[in-house]
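Close look at the chain arrangement
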Amino acid sequence: MNEPQLDTIYRGDTRVITVVVVDGDNSPIDITGQDITLTIAKYRQGLPIIEITNSTHFDGAGGISKFLLSADDTELLNIGLNHIDVVKDNVGIVNTLFLGTVRVENRVAVPE
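Along every chain, residues carry numbers that run from 1 in the direction the sequence is written. Local features are withheld for residues below a pLDDT of 70 in this predicted model, meaning they are given only at 70 or higher, and side-chain atom pairs are given and counted only at 80 or more; totals for whole chains, interfaces and linings count all residues. With hydrogens and water set aside, each side-chain value is computed from the structure's full complement of heavy atoms.

1. What to know about the packing of aromatic side chains
Classification of ring pairs rests on two measures: the distance between centres of Phe, Tyr or Trp rings, Trp counted by its six-membered ring, which must be within 6.5 Å, and the angle between planes, read as stacked under 30 degrees, edge-to-face over 60 and tilted in between. Taken as a whole and assessed by the stated rule, the structure comprises 0 aromatic pairs. Definition used: whenever NZ (Lys) or CZ (Arg) falls within 6 Å of the ring centre and also within 35 degrees of the ring normal, the charge is taken to sit over that ring. Between the NZ or CZ atom of Lys-66 and the centre of the ring of Phe-58, over which it lies, the distance is 4.2 Å.

2. Describing unusual backbone geometry
Although it is not a glycine, Gln-45 sits at a positive phi angle of roughly 65°. Of note, Gln-45 is situated in the loop between strand S3 (35-41) and strand S4 (48-54). Relative accessibility thresholds used throughout: buried, under 20% of the residue-type maximum; exposed, over 50%; partly exposed, between the two (1.4 Å probe, protein chains only). By relative accessible area, which is 83% here, Gln-45 ends up exposed. The backbone phi angle of Val-91 is positive, close to 50°, even though this residue is not glycine. Locating Val-91 in the fold gives a position in the loop between strand S6 (80-90) and strand S7 (93-105). Runs of E in the DSSP output that reach at least two residues are strands. Runs of H or I that reach at least four are helices, and both are numbered from the N terminus.

3. Regarding the side chain of Thr-101
Counting through the fold element by element, Thr-101 comes out in strand S7. Note on contacts: a residue pair qualifies if any of its non-hydrogen atoms lie within 4.5 Å across the two residues. With residues near it in sequence (within four places) discarded, Thr-101 still touches Glu-3, Pro-4, Gln-5, Leu-6, Leu-81, Asn-82, His-83 and Ile-84.

4. What to know about the environment of Arg-107
Its location among the elements puts Arg-107 in the segment after S7. Accessibility expressed as a relative area gives 25% for Arg-107, which makes it partly exposed. For the pair Arg-107 and Gly-12, spaced 95 residues apart in the sequence, the C-alpha separation amounts to 8.0 Å. Filtering out sequence-adjacent residues up to four positions away, Arg-107 remains in contact with Tyr-10, Arg-11, Gly-12 and Asp-13. Contacts described as polar in this section are N or O atom pairs within 3.5 Å, which, within protein, must combine one atom able to donate a hydrogen with one able to accept it, while residues neighboring in sequence count only if both atoms come from side chains. A polar contact is formed between the side chain of Arg-107 and the backbone oxygen of Arg-11, at a distance of 3.2 Å. Among the polar contacts made by the side chain of Arg-107, one reaches the side chain of Asp-13 at a distance of 3.1 Å.

5. Considerations on the pairing of S6
Being paired, for any two strands, means DSSP has found at least two bridges between them. Across 7 bridges, the pairing between S3 and S6 is antiparallel. Bridged to Ile-36 within S6 is Lys-88. With 11 bridges joining them, S6 and S7 adopt antiparallel strand pairing. If you follow Asp-89 over to S7, its bridge partner there is Val-94. A loop of 2 residues connects S6 with S7, the two strands running antiparallel in sequence, and Val-91 in this loop sits at a positive phi of about 50°.

Here is the structure:
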C-alpha cells in the first residue's frame, strides 16, 4: 500500500503544516471547538517524537488548522522515513484525517 508522503522536512528547520478538513464533496467541515492532533513517529504505532494538539484553529469554520513545528521540534526527528497522522477528536468521536509518511533529512550546514 502506498501512503501519501509530505514534502521533506529538514532537521533544524521551522515548518508549518496546514490541514484542511473537508467532507466527501470537498466542502470544508467546521472544526471549531474540536481537537486536531498531528503526530510524527519513527514507526507506526511507535512512541511520538512530535505531538501537537490544536484546540483553536486558523479558520475553524473553514476547516483549516495550522501546526507549527519549531526548529527544536524538527531537530528531534529521525533521519529517513517517519510516519505522520492527523486525528480529529470531536468530544470522543475520533477520526483519522491523514495517515502517511514524511522524509526527514539533514541540512548541509546548521547555522549558528
